[in-house]
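Single-letter residue listing:
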Amino acid sequence: MAIKLTALGRPQLLMQLSEVIMRARNYMQQMSGGKGNVMTQKKTIDDFNRYFGDNKNKPEVQEFLKKITTDSKGIVHLFPWSNILDKDMNLSDTFRVPDPKTGQMRRLISQISKEEETMFRNMLARLNHIIQIANEVDVRIMIDAEQVYFQPAISRITMEMMRTYNKDKFLVFNTYQTYLKHTYNELVADLEQAQRQNFYWAAKCVRGAYMEQERARAAAMGYEDPTCPNYEATTASYHKCIKEILSRYKGDMKGRVGIMIASHNEDTVRYAINLMKENGIKPEDKVVCFGQLLGMCDHVTFPLGQAGYSAYKYVPYGPVTEVLPYLSRRANENRGFLSKIKKEKNLLLKEIFRRVSSGQMFYKPVGNYRPV
């Protein structure tokens, strides 16, 4: 089941949290003297102590350093707000960092009201409830990606849910939109976290569905367009991401990495199947599954299922008045997919003629249909 986090709470809070996470990353880059996520920089608490200099002995700085998540070698994993899911933590107090010049704590987020704190906790409570029920009935939860101004918060919350619930199996999936330029770096950092903290990492890879919105917002607000410049660049990004994921199967994460290839692109599906063969991954290994929208690209989905691969149909569900606008937006955002309808129509006509001419009106292909 796929869910949207913005449907479970106030989207404005996710936007605020995303802005704070980006400020925190900039702060971390200043501390470490490097670029990219803290997970990839191999910094230790001693490195942080040197950064704070004489201020390292101040009680508030020591308290900050104690809350940073590290591994057995002392290498830093995450900033102190990795326990963001703790119901007793306040957002305003959680997102505080020491000023390197004075050692005094300063907020990265504006003061959050008690009402907003309650809204945030309610959103997390709803998400926890959904995941717990899904676990009881053995249903996997895929948390959808959304616009870039929501996504840092959604991704951070999803990773914490993964860390909590994916201890023994694939239950919570994060979603990666490969039409964004930074997706590969985010994916590598998340894989690093899962490997260090020893939980099952699962992803749904999509091309993305908000390109026009992202480009319009970037132009209106004067920041760099976060999306890939063209279709070819997006495809290259998609392939790079799934190659990175499947390459981990041979290493320390064997058995603890899973992926859904959510794509209508035949070349991408072929590429993924070839990668599976290169990395010794069989359909029944429960590592890779494929997904397409209901009513689209059946000529891709059905042969996959017939050949023994896990193939799923994405089925939007809800009241007609609410689902139809959703589907119309998807059709508008994915106009390129609609060109495939002509090919499907031709394939259907060809099959009808074949059955009429051969007298074989009813036909069931032989295949291994067991879901894995």
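Calculation criteria
Per chain, residue numbering runs from 1 following the sequence as it is written. Two thresholds apply to this predicted model, a pLDDT of at least 70 for residue-level local features and 80 or more for giving and counting side-chain atom pairs, whereas whole-chain, interface and lining totals are computed over all residues. Working from all heavy atoms in the structure, the side-chain values ignore hydrogens and water. Each helix corresponds to a stretch of at least 4 residues labelled H or I by DSSP, and each strand to a stretch of at least 2 residues labelled E; elements are numbered beginning at the N terminus. Throughout this description, buried means an accessible area under 20% of the type-specific maximum (1.4 Å probe, protein chains only), exposed means over 50%, and partly exposed covers the range between. Strands were regarded as paired on the criterion that DSSP finds at least two bridges between them. Two rings from Phe, Tyr or Trp (for Trp, the six-membered ring) form a pair when their centres sit within 6.5 Å of each other. Planes less than 30 degrees apart are called stacked, planes more than 60 degrees apart edge-to-face, and all others tilted. Lysine and arginine charges are scored as sitting over a ring when NZ or CZ, respectively, is within 6 Å of the ring centre and within 35 degrees of the ring normal. Within this analysis, patches are made of residues with over 30% relative accessible area and no salt bridge. Like charges are joined at 9 Å or less; nonpolar side chains (Val, Leu, Ile, Met, Phe, Trp, Tyr) at 5 Å or less. All accessibility values rest on the Shrake-Rupley procedure with a 1.4 Å probe; residue burial counts only the protein chains present in the view. When a carboxyl oxygen of Asp or Glu lies within 4 Å of a side-chain nitrogen of Lys or Arg, that pair is called a salt bridge. Note on method: axes are straight lines fitted to C-alpha atoms, helices fitted across the in-contact stretch only, with angles between N-to-C directions ranging 0 to 180 degrees. Roughly parallel covers angles under 35 degrees, roughly antiparallel covers those over 145, roughly perpendicular covers 65 to 115, and oblique covers all other angles. Should the near helix be turned counterclockwise from the far one by less than a right angle, the crossing is left-handed, whereas a clockwise turn marks it as right-handed. Note on contacts: a residue pair qualifies if any of its non-hydrogen atoms lie within 4.5 Å across the two residues.

Draft legend 1. Quick look at unusual backbone geometry. For Asp-138, which is not glycine, the phi dihedral falls at a positive 60 degrees. Examined against the element boundaries, Asp-138 turns out to sit in the loop between α5 (114-136) and β6 (141-143). For Asn-198, which is not a glycine, the phi torsion comes out positive at approximately 60 degrees. You can see Asn-198 is positioned in the loop between α7 (183-197) and β8 (201-206).

Draft legend 2. The arrangement of the pairing of β8 in detail. Among the six residues that make up β8, six are buried, leaving the element largely enclosed by the rest of the structure. Here β8 shows no split at all, with Trp-201, Ala-203 and Cys-205 on one side and Ala-202, Lys-204 and Val-206 on the other all buried. Pairing of strand β7 (residues 172-177) with β8, which is carried by four bridges, proceeds in the parallel orientation. Of the residues in β8, the one forming a bridge with Asn-174 is Ala-203. In this sheet, strand β9 (residues 257-262) lies alongside β8 in parallel orientation, the contact comprising five bridges. Its bridge partner lying in β9, Ala-202 is registered against Gly-258.

Draft legend 3. Just the packing of aromatic side chains, in detail. Enumeration over the complete set of coordinates arrives at four aromatic pairs. A cation over a ring is seen here: Lys-240 above Tyr-184, with NZ or CZ 4.2 Å from the ring centre.

Draft legend 4. Representation of a nonpolar patch on the surface within the structure. Taken together, the side chains of Leu-349, Ile-352, Phe-353, Val-356, Met-361 and Phe-362 define a hydrophobic patch exposed on the protein surface, amounting to about 700 Å² of accessible area. Within the fold, Met-361 resides in the segment after α14 (340-358).

Draft legend 5. How the structure looks around the packing of α5 against helix α6 (residues 151-165). Their axes nearest at 12 Å, the elements α5 and α6 cross at an angle of 45 degrees. Relative to α6, α5 is oriented oblique. With respect to the hand of their crossing, α5 and α6 are arranged in right-handed fashion. For the pair α5 and α6, the contacting residues are Phe-120, Met-123, Leu-124, Leu-127, Asn-128, Ile-131 and Gln-132 in the first and Ile-157, Met-161 and Tyr-165 in the second.

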